[in-house]
Amino acid sequence: MKIFVTGASGFVGSAVVRELIQAGHEVVGLARSDANARTIAEAGASVHRGSLEDLDSLQRGAADSDGVIHTAFVHDFSNYAASAEVDGRAIEALGAALAGSGRPLVVTSGALVASAGSIATEDMPTDASFARRSETTALPFVAREVRVSVVRLPPTVHGAGDHGFVPELIRIARDKGVAAYVGDGTNRWPAVHRLDAARAYRLAFEKAPAGTRVHAIAEEGIPTREIAAVIGKRLGVPVATRPVEHFGWLGPFFARDLPTSSEKTQKLLGWRPVEKSLLADLDSAAYFGG
């Protein structure tokens, strides 16, 4: 099948492109720059020039495909609301281009759900205080004959090339001379390797029923104290508790307890995570070199 992928040169999107091509699909990747276009072409995909703000380019890419996987997002956490608005408008454009066709639209969301301390499942709603607009924007297109599914990613999608939350924790530990956690460090973060996440996207595209929420979660929850311990060991700095403010903008995320299950996803799609765990990956050259 011919699949239009946004974010095709990104950390997660590039893994999705690789997974799709290996499975025999034809991939067209959205590129907003010459550098992105080269990356996409080198991966074996065709290039479609445009951006999330260029809604006409998105609609042309979607209309000329057998379906869409939307992984792109403006990762500006200093102005998250604006990034979410861009994402919402992009999804509206993609959904409108696919309306009435029955073709798949796979969008990306976060596994930040209102679980009240229990293990979060695919059936639970997202936490509106942290969530993207992706789910609330995309899912209504089911009624317009689009086979929408949502892949929820954990706060930590790890692997070589990661530029997300964990590298930020490493930077903070280097700058402040302590690898820290909040409280007693028993609050848990779910995680997934980028290659396992890519398989979840492919399976969602190929066979998820309309309206499905997919949890690309390999590990239900790693205590944040254990994450800090590996960082402290690697940097040779103390490991200690610190207040939320110590972490700057990352603090409200890192302080949360977010145990999350993928049991339903694994049963529905036959998805099984097989890559390295977060702590094994973190304690390696992927994050610290050497």
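Residues numbered from 1 in each chain as written. Predicted model: local features only at pLDDT ≥ 70, side-chain atom pairs only at ≥ 80, totals over all residues. Heavy atoms only, no water.

- Within an unreviewed UniProt entry, the label attached to the chain reads Nucleoside-diphosphate-sugar epimerase, and the organism entered is Nannocystis exedens.

**Overview of the packing of helix α6 (residues 165–176) against helix α8 (residues 224–235)**
So, point 1. Axis separation between α6 and α8 bottoms out at 10 Å; the angle between their running directions is 50°. On the basis of the axis angle, α6 is oblique to α8. Two packed elements cross with a definite hand, and for α6 against α8 that hand is right-handed. Touching L169, I170, A173 and R174 of α6 are I227, I231 and L235, all from α8.
So, point 2. Each residue belonging to the contact of α6 with α8 can be placed in one class, and the counts come to six nonpolar, no polar and one charged. (Axes fitted to C-alpha atoms, helices over the stretch in contact; angles between N-to-C directions. Helix = DSSP H or I, 4+ residues; strand = E, 2+ residues; numbered from the N terminus. Parallel < 35°, antiparallel > 145°, perpendicular 65-115°, else oblique. Left-handed = near helix turned anticlockwise from the far one by under 90°. Contact = heavy atoms within 4.5 Å. Nonpolar A, V, L, I, M, F, W, Y, C, P; charged D, E, K, R; others polar.)

**Topic: the nonpolar core**
So, point 1. V5, I69, V151, L153 and Y201 are the most contacted members of the largest nonpolar core, which has 33 residues in total.
So, point 2. If you list the elements that add at least two residues to this core, you get β1 (2–6), α1 (11–22), β2 (26–31), α2 (34–42), β6 (147–153) and α7 (194–207).
So, point 3. Top element by residues in this core is α7. It accounts for eight residues.
So, point 4. Contacts of V151, omitting those with residues within four sequence positions, involve V106, V107, T108, S109, Y201, A204, V214 and A216.
So, point 5. Core analysis: the second largest hydrophobic core is formed by 28 residues, L169, A173, V230 and F253 among them. (Core = buried A, V, L, I, M, F, W, Y, C linked by side-chain atoms within 4.5 Å. Buried < 20%, exposed > 50% of the residue type's maximum accessible area, 1.4 Å probe, protein only.)

**Quick look at the domain arrangement of the chain**
So, point 1. Splitting the chain by domain gives domain 1 (2–156 + 192–215) and domain 2 (159–190 + 219–260 + 275–283).
So, point 2. Of note, the centres of domain 1 and domain 2, computed from C-alpha atoms alone, are 27 Å apart.
So, point 3. The interface is formed by 20 residues belonging to domain 1 together with 22 residues belonging to domain 2.
So, point 4. Across the contact surface, domain 1 and domain 2 share one salt bridge.
So, point 5. A salt bridge links R199 to E275, with the shortest nitrogen-to-oxygen separation between them at 3.0 Å.
So, point 6. On the surface where domain 1 and domain 2 come into contact, there are three residue pairs in polar contact (both at pLDDT 80 or more). (Domains from an automatic or database assignment. Salt bridge = Lys/Arg side-chain N within 4 Å of Asp/Glu carboxyl O. Polar contact = N/O pair within 3.5 Å; in protein donor to acceptor, adjacent residues only side chain to side chain.)

**Points about the sheet that holds strand β7 (residues 156–158)**
So, point 1. With respect to topology, three strands assemble into an open sheet ordered β7-β9-β11, the strand pairing being mixed. A strand with exactly one partner marks an edge of an open sheet, and here the two such strands are β7 and β11 (219–223). Each adjacent strand pair in this sheet contributes to an overall mean axis angle of 45°, direction not counted.
So, point 2. Direction of pairing for strand β9 (residues 188–193) relative to β11: antiparallel, over a ladder of three bridges. (Pairing = 2+ DSSP bridges.)

**Comments concerning the sheet that holds strand β4 (residues 68–70)**
So, point 1. Taking strand neighbours across the sheet as the criterion, the seven strands line up as β3-β2-β1-β4-β5-β6-β10 in an open arrangement whose pairing is parallel. Two strands bound the open sheet, and with one partner strand each, they are β3 (46–49) and β10 (212–215). Each neighbouring strand pair of the sheet contributes to a mean axis angle of 25°, computed without reference to strand direction.
So, point 2. Of the strand pairs in this sheet, β1 and β2 are connected by four bridges, and their pairing is parallel. Bridge pairing links I3 to V27 in β2.
So, point 3. Contacting β1, β4, β5 (104–110), β6 and β10, α7 runs over the sheet at an angle of about 165° to β6.

**Details of the packing of α1 against α7**
So, point 1. Their axes nearest at 8 Å, the elements α1 and α7 cross at an angle of 60°. When the interaxial angle is binned, α1 and α7 end up oblique. Relative to α7, α1 is oriented so that their crossing is right-handed. Contacts from F11, V12, S14, A15, V16, R18, E19 and L20 in α1 reach R194, L195, A198, R199, Y201 and R202 in α7.
So, point 2. The class makeup of the residues in the contact of α1 with α7 is eight nonpolar, one polar and five charged.

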